[in-house]
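Okay, here's what each chain looks like letter by letter:
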Amino acid sequence: MGTLAKIVFASICVAFLAVKWTAPRFDAESLRGARVLVTGASTGIGEQMAYHYARFGAQVVITARREKVLQQVAEKCLSLGAQKAFYVAADMANESDPDKVVDIALEKLGGLDYLVLNHIGPSPFSMWEGDVEHIRWLMKVNFFSYIQMAWKALAALEQSKGSLMIVSSLLGKMTSPFVAPYTSTKFALNGFFGTLQHELAMRKSNVSISICTLGLIDTEAAMDKVRGVTKVPAYPATDAALNIIITGATRQPELFYPWFTYIVNLSKDWSFSITSYIIQNSYNYIP
Ligand SMILES: NC(=O)c1ccc[n+]([C@@H]2O[C@H](COP(=O)([O-])OP(=O)(O)OC[C@H]3O[C@@H](n4cnc5c(N)ncnc54)[C@H](OP(=O)(O)O)[C@@H]3O)[C@@H](O)[C@H]2O)c1
Ligand SMILES: *[C@@H]1O[C@H](CO)[C@@H](O)[C@H](O)[C@H]1NC(C)=O
Ligand SMILES: *[C@@H]1O[C@H](CO)[C@@H](O)[C@H](O)[C@H]1NC(C)=O
Ligand SMILES: *[C@@H]1O[C@H](CO)[C@@H](O)[C@H](O)[C@H]1NC(C)=O
């Protein structure tokens, strides 16, 4: 590395640490009795968030499509210390289910302190071959249901001075091969909820929005796709889950997890050709 590159890199690291150190302290007690709705909580990061909230003594409503699995997760939440644990089976591609889920959560919990939007529909990890219908469907699941649920819950979150957490991805900030449908939905989320962050701040709203940018996380769904294909390191789902919860509880507008996603985001636009070279060569692809 040249001297200039070293100085730039060191400055970014110092800036990053400064941001970390000045973040407000997380008080686990603040989550005792908190009323929480987590989507996509039958497996993966959502399931781990449900367990963390349970350990903190929260009241949780979890949702996903598979009722049997949700039931098991809810039972485990109770055994871990959740004050209450309910589950609602719902399909986020359905036009009425997103509203229905929020209504049920408000009814069961009598209000809402945290809405954690996390679910994603399955999507192939492959080059784009023209399946427009799949993107239309994925947009319903990964994007339209998010804005529908956020709007439905907003009044309750205003009342409780609550938080909305959007689980997004580095692939909502930069592009990569093999994930055109998925990355489209994440860019849409970042655009929409970035705008909403401005508008709520301008209106002096009580609600905080946290947009969470994750790198590769070791969930079964993700690892099944990229095992042996990418050199990018995977980070633990339980740690990602805890970081999202802390970001919401401390009302931070953004999370970058793992830490280097912050630096990747910041440096990705410095050189188009270098960034493209690194991304295209981070996969084992033989044409
Ligand atoms: N894992 C990673 O590497 C990674 C990286 C960056 C960002 N993220 C983000 O982290 C979040 C969680 O990812 P993950 O890896 O934990 O995902 P996952 O393991 O695939 O879990 C997805 C969840 O969504 C539910 N779901 C799928 N289709 C649904 C539908 N039509 N309606 C309702 N629920 C549905 C699934 O349950 P059912 O099948 O029971 O419905 C499951 O609970 C996502 O927003 C993802 O974009 C993950
Ligand atoms: C959505 O769900 C409702 C009831 O849960 C059902 O009546 C309706 O047909 C579903 N819509 C679609 C498009 O599947
Ligand atoms: C914010 O919360 C307070 C109660 O703490 C409430 O009186 C006020 O109406 C809320 N603001 C909005 C915009 O709802
Ligand atoms: C992420 O990258 C964009 C574009 O390079 C930049 O505008 C933004 O400030 C970055 N975010 C952070 C938190 O550094």
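In the block above lies the structure referred to throughout.
Quick summary incoming for the structure in this document. (Residues numbered from 1 in each chain as written. Chains lettered and ligands numbered in written order. Predicted model: local features only at pLDDT ≥ 70, side-chain atom pairs only at ≥ 80, totals over all residues. Heavy atoms only, no water.)

1. Points about the overall build of the chain
Then step 1. Assigned secondary structure in the chain consists of ten helices and seven strands.
Then step 2. Its C-alpha radius of gyration of 19 Å places the chain within 12% of the 19 Å reference for a compact globule of 287 residues.
Then step 3. Dimensions of the chain, computed from C-alpha atoms along their principal axes, come out at roughly 55 × 45 × 35 Å.
Then step 4. The buried share of the chain, taken over its 287 residues, is 48%. (Helix = DSSP H or I, 4+ residues; strand = E, 2+ residues; numbered from the N terminus. Rg over C-alpha atoms; globule rule 2.2 N^0.38 Å. Buried < 20%, exposed > 50% of the residue type's maximum accessible area, 1.4 Å probe, protein only.)

2. Description of the packing of aromatic side chains
Then step 1. One pass over the full model with this rule turns up 13 aromatic pairs.
Then step 2. Pairing Phe26 with Phe56 gives two aromatic rings, centres 5.5 Å apart and planes at 75°, and the pair type is edge-to-face. With a gap of 30 residues between them, Phe26 in the loop between α1 (3–22) and β1 (35–39) and Phe56 in the loop between α2 (44–55) and β2 (59–64) connect regions that are remote in the sequence.
Then step 3. The class of Phe56 is buried, set by a relative accessible area of 17%.
Then step 4. With a centroid separation of 6.0 Å and an interplanar angle of 85°, the aromatic rings of Tyr235 and Tyr257 are classed as edge-to-face. One end of the pair, Tyr235, is in the loop between α7 (220–226) and α8 (237–249); the other, Tyr257, is in strand β7 (residues 254–257), and 22 residues separate them in sequence.
Then step 5. By the ring-pair criterion, three or more aromatic residues cluster together here, those being Phe125, Phe178, Tyr283 and Tyr285.
Then step 6. It is Lys76 that lies over the ring of Tyr51; its NZ or CZ is 4.4 Å from the centre. (Phe/Tyr/Trp six-rings, centres within 6.5 Å; stacked < 30°, edge-to-face > 60°. Lys NZ or Arg CZ within 6 Å of the ring centre and 35° of its normal.)

3. Overview of the site of ligand 4
Then step 1. Around ligand 4, the surrounding shell consists of Glu254, Phe256, Tyr262, Asn265, Leu266, Lys268 and Asp269.
Then step 2. Residue Lys268 places a side-chain N or O atom 3.2 Å away from an oxygen atom belonging to ligand 4.
Then step 3. Here ligand 4 loses 60% of its free accessible area of 360 Å² to cover by the protein chains.
Then step 4. Mapped by element, the contributors of at least two residues to the shell around ligand 4 are β7 and α9 (260–267). (Near = heavy atom within 4 Å. Polar contact = N/O pair within 3.5 Å; in protein donor to acceptor, adjacent residues only side chain to side chain. Areas by Shrake-Rupley, 256 points an atom, 1.4 Å probe, with all protein chains shown as cover.)

4. What to know about the side chain of Ser176
Then step 1. Locating Ser176 in the fold gives a position in the loop between β5 (163–169) and α6 (180–202).
Then step 2. Among the polar contacts listed, one links the side chain of Ser176 to the side chain of Tyr283, at a separation of 2.7 Å.
Then step 3. Excluding its chain neighbours within four sequence positions, the residues that come into contact with Ser176 are Leu171, Ile279 and Tyr283. (Contact = heavy atoms within 4.5 Å.)

5. Examining the packing of helix α4 (residues 97–109) against helix α5 (residues 132–160)
Then step 1. Taken N-terminus to C-terminus, the directions of α4 and α5 make an angle of 30°; their axes are 8 Å apart at the nearest point. With respect to α5, the element α4 is oriented roughly parallel. By crossing handedness, the relation of α4 to α5 is classed as right-handed. Every residue of α5 that contacts α4 at Pro98, Asp99, Val101, Val102, Asp103 and Leu106 is listed here: Ser145, Gln148, Met149, Lys152, Ala153 and Ala156. (Axes fitted to C-alpha atoms, helices over the stretch in contact; angles between N-to-C directions. Parallel < 35°, antiparallel > 145°, perpendicular 65-115°, else oblique. Left-handed = near helix turned anticlockwise from the far one by under 90°.)

6. So, helix α3 (residues 67–80)
Then step 1. When the terminal C-alpha atoms of α3 are compared, their 20 Å separation across 14 residues agrees well with the 20 Å that a helix rising 1.5 Å per residue should span.
Then step 2. What α3 keeps buried is the set Leu70, Val73, Ala74 and Cys77. The buried residues of α3 occupy an angular sector of 100° when the element is viewed end-on, so they sit on one face. Relative to its buried face, α3 has exposed residues pointing more than 90 degrees away, namely Lys68, Gln72 and Ser79.
Then step 3. Contacts from the buried residues of α3 go to α2, β2 and β3 (84–89).
Then step 4. Just beyond α3, the residue with positive phi is Gly81, at close to 125°. (Expected span 1.5 Å × (residues − 1). Arc of directions from axis to C-beta.)

7. Considering the sheet that holds β3
Then step 1. Strand order in the open sheet formed by seven strands is β3-β2-β1-β4-β5-β6-β7, with parallel pairing between adjacent strands. The strands lining the two open edges of the sheet, one partner per strand, are β3 and β7. This sheet shows a mean twist of 15° between the axes of neighbouring strands, independent of strand direction.
Then step 2. Direction of pairing for β2 relative to β3: parallel, over a ladder of six bridges. Within β3, the residue paired with Val61 across the bridge is Phe86.
Then step 3. Of the strands in this sheet, β1, β4 (114–117) and β5 touch α5, which is tilted by about 165° from β4. (Pairing = 2+ DSSP bridges.)

8. A short note on the side chain of Glu47
Then step 1. Assignment of secondary structure puts Glu47 in helix α2.
Then step 2. Summary of buried charges: Glu47 has no salt-bridge partner, and the nearest side chain of opposite charge, Lys76, is 5.5 Å away.
Then step 3. The contact partners of Glu47, leaving out residues within four places of it in the chain, are Gly40, Ala41, Ser42 and Val73. (Lys, Arg positive; Asp, Glu negative; His and termini not counted. Salt bridge = Lys/Arg side-chain N within 4 Å of Asp/Glu carboxyl O.)

9. Comments concerning the site of ligand 3
Then step 1. Taken together, the neighbourhood of ligand 3 is formed by Glu158, Lys161 and Asn206.
Then step 2. With respect to ligand 3, the side chain of Lys161 contributes an N or O atom lying 2.4 Å from an oxygen atom.
Then step 3. Between ligand 3 and Asn206 there is a distance of 2.3 Å, counted from an oxygen atom to a side-chain nitrogen or oxygen.
Then step 4. In the complex, the protein chains occlude 41% of the 360 Å² of accessible area that ligand 3 would expose alone.

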